[in-house]
Each structure stands twice: as C-alpha cells, then as structure tokens.
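Structural overview for review
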Amino acid sequence: MTLRLAHLSDLHFGEAPARLIETLAEDLRRESPDAVLVSGDLTLRARPAEFAAVSAFLASLGCPVLAVPGNHDIPRSDLWRRFVAPLHAWQRFQPEGAEPVLRLGDTVVLGLDTVQRAHWHLDWSAGGLSERRLARLAARLQAEAGRRILVVCHHPLRHPDWATGRAAPFGAAAALALLREAEVVAVLCGHLHRAETEGEAPRQVIAPTALSPRIKGSPNGWNLLHLDHAGLRVERRGLTDAAPA
C-alpha cells in the first residue's frame, strides 16, 4: 500500500494572500492525500486570529493533520509571553502539544519541536534541541522500533550549501545520529522557504513556503510524498495565483 502525504510548510497565515489560500485548498482536496503534514510557521505573528484562520483551513481539508510549530508560531515582540508561555496560543490551537504523533498503518509520523525562545547570537529564529528534547526523541524512536518512521520538524537539521549565513540548530548533529540509528525514512522540514531534497541518511525533505509572499528561490508550493515499502518519492507541487487578491 502506498501512502500519499501532503507536506506543507511556512503557511504564514496573517500575510498569505486569500486567493493563494483557496488555490492551495483546492489543490489538496483534488489530490486527496491520506494525511497533511505541516512543518511549522503556520502563522505570521502567533496571533489568536491567525491560529483560528489556519485551524479552519486545515479542518476544511477533510483528512488527518499533523502540525508542529515554527519560530513564527511563538510571540515575537511580547517578550514576557515569549519567555514565560511561548506555546500558549499554539496549545489552544492544538491541545495535544508541539510534538504530536500520527499513526497510518505501519507508518508513524513523529512531530519534533525545534523552536527556541532565544539564542546567544542574534538569529533568534534558529532552532535547537536541548538535552531534554534529545532524550525524549530517543525514547520515542525506541518505542516505535520496527515501524516506518517519518519525523516532522520546522528547522532543517542539515543546512544545504546555499543556506549561507543561517545559524544551524544546536543539537542537530546529535538528533541526526539518533534518527540515523533508528533508520528513520525521512525528516520533513521547512523554514528556508526553498525546496530541497537530500539523499543522505536520514533523508531530509525541505518544503518551500506554501503561502508566504516572501519566496526565496522556490515558487509557492508543497510536496506530495509517495511512501511505500520500496521507499519515498517526492513530487513537488507548485501553486499559481492566477488572480491575486
């Protein structure tokens, strides 16, 4: 049996053009995937109205959804909430938290939270995995031994050569070692707004921004994943906003 999975990233509700949102919804309904996997940045400013809009959009697709937060999904300018309760709005949107699980037959999809409140450098958008998160990841992977495993996170754990000047997530090397040992099929991520698929184990699939007008080398679009026992095939789907709002 082949699973058909829609991999979306960087929806950025709050700046996404209305026409492009409808184009994406129509494309997804037409393809009717078995599940939709969203690798972060569902909103622009983590505002309740943005979460309400993206929640209605995802619910309208009529299939299971797994989503993890991105750096835009925690408060940016409200430093009190950013440091004390960064996921307050996220948890109202998704009560199961920032690291959900989705089971699809003999395949399990694990959400991995890579968002950090702050860094010692100026790029607070960069992610990271603390020792506590790494230990939790190791336990989750061990519990799913024998299944096909996909991991969804926001930040790429390996930066492509073209991503110069971007700070790498701390703890990424340790996370990759855990994923490699567990023979994870692929890591699905976003953040860079540019599509990339790498073959090195564990395979890393970066989706372009689905809806943000701030494209960076790839047009707005998403990935349609075909997963069976022979492996994973990635089909890139572009969106054309024929009638800008």
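Quick look at the structure, then. Only a predicted model underlies this, so the values are computations on that prediction, with no experimental measurement involved.

Another aspect to go through is the packing of aromatic side chains. How two aromatic rings sit relative to each other is given by the distance of their centres and the angle of their planes. Applying the stated criterion to the full structure yields four aromatic pairs. Seen from their ring centres, Phe 13 and Phe 57 are 5.6 Å apart, and the 45° between their planes marks the pair as tilted. Linking Phe 13 in the loop between strand E1 (3-8) and helix H1 (18-31) with Phe 57 in helix H2 (residues 48-59), this pair joins segments that are 44 residues apart in sequence. Taken as a pair, Phe 13 and Phe 57 share a single burial class, namely buried.

An order of E4-E5-E6-E7-E9-E8 is seen for the six strands of this open sheet, with the pairing classed as mixed. Of all strands in the sheet, those with a lone pairing partner are strand E4 (101-104) and strand E8 (196-198), marking the two edges. Sheet twist, expressed as the average angle between the axes of neighbouring strands with direction ignored, equals 15°. As defined by bridge partners, strand E6 (residues 148-152) adjoins strand E7 (residues 186-189) across three bridges and the pair is classed as parallel. Paired with Val 151 across the two strands is Val 187, which belongs to E7.

Another point: the environment of Glu 196. Looking at the secondary structure, you find Glu 196 in strand E8. It is 7.9 Å that separates the C-alpha atoms of Glu 196 and Pro 160, two residues lying 36 residues apart in sequence. At a separation of 2.9 Å, a polar atom in the side chain of Glu 196 contacts the side chain of Trp 162.

In this section: the packing of helix H5 (residues 131-143) against helix H6 (residues 172-181). Two elements in contact, H5 and H6, have axes whose closest approach is 10 Å; the angle formed by their N-to-C orientations is 5°. In terms of their interaxial angle, H5 and H6 are classed as roughly parallel. Here Leu 134, Leu 137, Ala 138 and Leu 141 of H5 lie close against H6, whose contacting residues are Ala 174, Ala 175, Leu 178 and Leu 179. Class assignment for the residues of the contact of H5 with H6 results in eight nonpolar, no polar and no charged.

Moving on: unusual backbone geometry. Here the residue pair Ala 201 and Pro 202 is connected by a cis peptide bond, since its omega of -10° sits within 30 degrees of zero. Tracing the backbone through its elements, the reader meets Pro 202 in the loop between E8 and strand E9 (203-206). Backbone geometry at Asp 10 places phi at a positive 50°, although glycine is not the residue there. Mapped onto the secondary structure, Asp 10 falls in the loop between E1 and H1.

Cut-offs applied
- Residues numbered from 1 in each chain as written.
- Predicted model: local features only at pLDDT ≥ 70, side-chain atom pairs only at ≥ 80, totals over all residues.
- Heavy atoms only, no water.
- Phe/Tyr/Trp six-rings, centres within 6.5 Å; stacked < 30°, edge-to-face > 60°.
- Helix = DSSP H or I, 4+ residues; strand = E, 2+ residues; numbered from the N terminus.
- Buried < 20%, exposed > 50% of the residue type's maximum accessible area, 1.4 Å probe, protein only.
- Pairing = 2+ DSSP bridges.
- Axes fitted to C-alpha atoms, helices over the stretch in contact; angles between N-to-C directions.
- Polar contact = N/O pair within 3.5 Å; in protein donor to acceptor, adjacent residues only side chain to side chain.
- Parallel < 35°, antiparallel > 145°, perpendicular 65-115°, else oblique.
- Contact = heavy atoms within 4.5 Å.
- Nonpolar A, V, L, I, M, F, W, Y, C, P; charged D, E, K, R; others polar.

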